[in-house]
Amino acid sequence: MLQVFLRNVRVQRFRVNACRRGGSGRPDAGFGRFRLQVGAMNVPENVAAPRLPWRLRLVNWFRRRVRRWFQWRAPANPALDANTLTWQQARVVKVVAGLIPAHRLPPFVLRRAYRISTTPFHIDAVPVRTCRNLRLDSGLRLRVYTPASAAVSGAPALMFYHGGGCVIGDLETHDTLCRHLANKSEQHVIAVDYRLAPRHRFPAQALDAIEAFNWVAGEAASLGIDVNRLGVGGDSAGGYLSTLLCQQALNPTLGGQPARMPAYQWLVYPAVDFREEAVTGGFPSGVVLTDELMRYFGEHVIPPDLDVTRPDVSPLLAESLAGMPRGMVLTVGHDPLCMQGRNYVERLRGAGVATTHLHFPRLMHEFVSMGGVCPDSRAALGAASETLRDLAWADTYT
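Residues numbered from 1 in each chain as written. Predicted model: local features only at pLDDT ≥ 70, side-chain atom pairs only at ≥ 80, totals over all residues. Heavy atoms only, no water.

**Things to note about the overall build of the chain**
Rule in force here: Secondary structure elements are defined from DSSP: runs of H or I of at least 4 residues count as helices, runs of E of at least 2 residues count as strands, and each element is numbered from the N terminus. For each residue, the accessible area found with a 1.4 Å probe, counting protein chains only, is set against the maximum for its type, and the residue is called buried under 20%, exposed over 50%, and partly exposed in between. By definition in these notes, contact holds between two residues if any of their heavy atoms fall within 4.5 Å. Throughout, the Shrake-Rupley method with a 1.4 Å probe supplies accessible areas, and for residues the shown protein chains are the sole cover considered.
Counting secondary structure elements, the chain contains eleven helices and 13 strands. Out of the 398 residues in the chain, the part that is buried amounts to 57%. Across the chain, every contact between residues at least 6 apart in sequence was considered, and the portion connecting residues at least 24 apart equals 77%. When the accessible surface of the chain is split by element, carbon and sulfur atoms take 53% of a total near 16500 Å².

As structure tokens, this is what we get:
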């Protein structure tokens with residue numbers, strides 16, 4: 001069924017419109033000669049969405065077919081051990097294992113493969129009140145999701161930075177997740193299409209995250225956002241950028257400073273330590289994020305001469321985390337980043353920062369992209385969404 005989907009993915013030629021950005025061109029969308037029409041591509045600006053666009057309805061129909069296939073292929077006696085990977089995720093890994101290992105692909109190929117291969121397993125896209133594409137003067141793209149609930153004026157907002165090791169991922173790969181978060185947490189979600197490595201190495205991604213945050217903070221009134229409830233968050237690399245942004249608000253060292261401290265941080269299996277011993281978690285295979293793929297991302301993002309023990313590269317190594325905003329850290333059992341997340345929680349709590357820690361031993365890295373086929377993933381995403389709502393609508397902040 002996945003092969004049928006791949007054959008029917010619509011491929012469209014496009015021209016790259018380069019926007020001058022610090023002396024280097026920034027593509028209008030994607031890499032190379034083709035753009036894959038998957039997800040919510042070309043969502044019209046400033047258009048209300050009482051129902052889903054037809055492309056998303058079509059993708060939802062395909063996802064339901066994939067779920068039926070998973071139910072039909074369910075094992076008779078699935079493992080119920082508290083630490084065993086769920087059979088649905090193991091099946092996804094088996095499908096992915098039949099392809100070329102991700103760490104052997106060039107980045108521009110891996111981006112397309114990631115977008116296509118994860119789409120069938122996402123949760124269904126849900127309609128939001130509005131979905132707007134914005135472009136800043138610098139060329140940085142944002143996508144603003146307004147929740148379907150009535151209370152949207154002066155509502156909180158989440159600056160969402162997508163995962164993908166700062167090498168892959170974009171607005172489309174996390175579109176369904178952002179829609180879900182906007183509705184479940186009843187707040188605006190602003191997704192950021194930051195620059196990717198290796199074309200743009202560190203700290204380009206962090207500077208984009210800060211630029212987007214500052215722009216939204218400055219335009220909060222026109223966007224209908226309560227700037228005092230503006231938080232940051234993301235999964236994996238997005239969680240990494242969120243922690244960097246908060247630390248730069250306390251001690252700016254990268255050339256850009258956030259206009260204010262975020263109200264909260266919402267971190268899903270974040271990467272917070274780039275030392276060699278921290279990026280090898282004993283997962284050579286059997287999961288989506290392997291040790292080899294971790295090294296692949298690090299080699300493409302971090303310049304060779306950069307000291308990874310610097311606190312503005314590895315946030316976990318900061319001398320003190322006092323003054324950081326309250327937040328949530330989610331970790332999963334089958335993940336090279338699990339211990340990094342646990343250690344970060346301990347450091348935050350030790351510094352007096354109110355931190356909620358959610359841990360799911362049966363899930364693996366990238367589970368947020370598997371909610372369509374894995375009930376455990378949907379339950380974990382639901383718990384994380386509820387925590388996000390509590391953070392966004394809390395009356396006090398640290």
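Text resumes after the structure shown.
**Some thoughts on unusual backbone geometry**
Cis geometry is found at the peptide bond from A197 to P198, where omega equals 5°. Secondary-structure assignment places P198 in the loop between β9 (188-193) and α6 (204-218). Cis rather than trans, the peptide bond between F202 and P203 has omega equal to 10°. Of note, P203 is situated in the loop between β9 and α6. The backbone of C166 sits at a positive phi, close to 65°, despite the residue not being glycine. Its place among the elements puts C166 in the loop between β8 (155-161) and α5 (175-185).

**With respect to the pattern of salt bridges**
So the rule is basically this: The rule for a salt bridge is simple: a side-chain nitrogen of Lys or Arg has to be within 4 Å of a carboxyl oxygen of Asp or Glu.
As enumerated under the stated definition, the model contains eleven salt bridges in all. Note that R143 is salt-bridged to E172, the shortest N-O span being 3.0 Å. Of this pair, R143 sits in strand β7 (residues 141-146) while E172 sits in the loop between β8 and α5, and the two are 29 residues apart along the sequence. Grouping residues by exposure puts R143 and E172 together as buried.

**Observations concerning the packing of α5 against helix α11 (residues 375-392)**
Let me state the cut-off plainly: Convention adopted: a line fitted to C-alpha atoms gives each axis, helices being fitted over their contacting stretch, and angles between N-to-C directions are expressed from 0 to 180 degrees. Under this scheme an angle from 65 to 115 degrees is roughly perpendicular, one under 35 degrees roughly parallel, and one over 145 degrees roughly antiparallel; angles in between are oblique. Should the near helix be turned anticlockwise from the far one by less than a right angle, the crossing is left-handed, and should it be turned clockwise, the crossing is right-handed. Each residue gets one label: Ala, Val, Leu, Ile, Met, Phe, Trp, Tyr, Cys and Pro are nonpolar, Asp, Glu, Lys and Arg are charged, and the others, such as Gly, are polar.
Two numbers describe how α5 lies on α11: the axes approach to 9 Å, and their chain directions differ by 50°. The orientation of α5 with respect to α11, classified from their angle, is oblique. For the element pair α5 and α11, the recorded crossing hand is right-handed. When α5 is examined against α11, the residues L177, H180, L181, K184 and S185 are found in contact with a partner set consisting of L381, S385, L388 and R389. For the contact of α5 with α11, the class distribution of residues is four nonpolar, three polar and two charged.

**Here we look at the packing of aromatic side chains**
Selection rule: In this scheme Phe, Tyr and Trp rings, the latter by its six-membered ring, pair at centre separations within 6.5 Å, and the angle between planes marks the pair as stacked below 30 degrees, edge-to-face above 60, and tilted otherwise.
The full count for this structure, using the stated rule, is three aromatic pairs. Plain terms: the ring middles of Y269 and F367 are 5.8 Å apart, the flat faces sit at 75° to each other, and that makes the pair edge-to-face. Of the two residues, Y269 is situated in the loop between β11 (265-268) and α9 (291-301) and F367 in the loop between β13 (355-364) and α11; the sequence distance between them amounts to 98 residues. Looking at Y269, the relative accessible area reads 1%, which means it is buried. For F367, a relative accessible area of 1% gives the class buried. Considering the side-chain rings of Y296 and F297, the 5.8 Å spacing of their centres and the 65° angle between planes classify their relative orientation as edge-to-face.

**Some remarks on the side chain of Q248**
Topologically, Q248 is positioned in helix α8 (residues 237-250). The exposure class assigned to Q248 is buried, which follows from its relative accessible area of 3%. Once residues within four sequence positions are removed from consideration, Q248 is found in contact with I210, T253, L254, G256, Q257, P258 and D312.

**Brief notes about a nonpolar patch on the surface**
Rules: Any residue with relative accessible area above 30% and no salt bridge may belong to a patch, with like charges joined within 9 Å and the nonpolar Val, Leu, Ile, Met, Phe, Trp and Tyr side chains within 5 Å.
There is a patch of nonpolar side chains on the surface, built from W54, L58 and W61 and spanning about 360 Å² of accessible area. Take W54: it is sitting in helix α2 (residues 54-72). Classification of W54 by relative accessible area gives exposed; the value is 52%.

**Considerations on the packing of α6 against α8**
Put simply, α6 and α8 touch, their axes get as near as 9 Å, and they point 70° apart. Relative to α8, the element α6 lies roughly perpendicular. As for how α6 packs across α8, the hand of that crossing is right-handed. Here α6 contributes Q205, A206, A209, I210 and F213 to the contact with α8, which in turn contributes L241, L244, L245 and Q248. Across the contact of α6 with α8, the residue classes break down as seven nonpolar, two polar and no charged.

**Some points on the confidence of the model for the chain**
What counts is decided by this rule: pLDDT measures the predictor's confidence residue by residue and takes values from 0 up to 100.
In this model, the chain carries an average pLDDT of 84, and 83% of its residues clear a pLDDT of 70 or more. Throughout residues 1-49 the model reports pLDDT below 50, and contacts reaching past four residues in sequence, or to other chains, amount to 113 contacts.

**Quick notes on the nonpolar core**
Operational definition: Only buried residues count toward a nonpolar core, which is a set of Ala, Val, Leu, Ile, Met, Phe, Trp, Tyr and Cys residues joined through side-chain atoms within 4.5 Å.
One finds L142, M159, Y161, F202 and Y344 to be the most contacted residues of the largest nonpolar core, which totals 62 residues. Of all the elements, α6 adds the most residues to this core, at seven residues. For M159, the contacting residues outside a window of four places in its chain are I190, V192, A212, F213, V216, L230, G231, V232 and G233. Counting 32 residues, the second largest nonpolar core, distinct from the first, contains V128, F160, A263 and A392.

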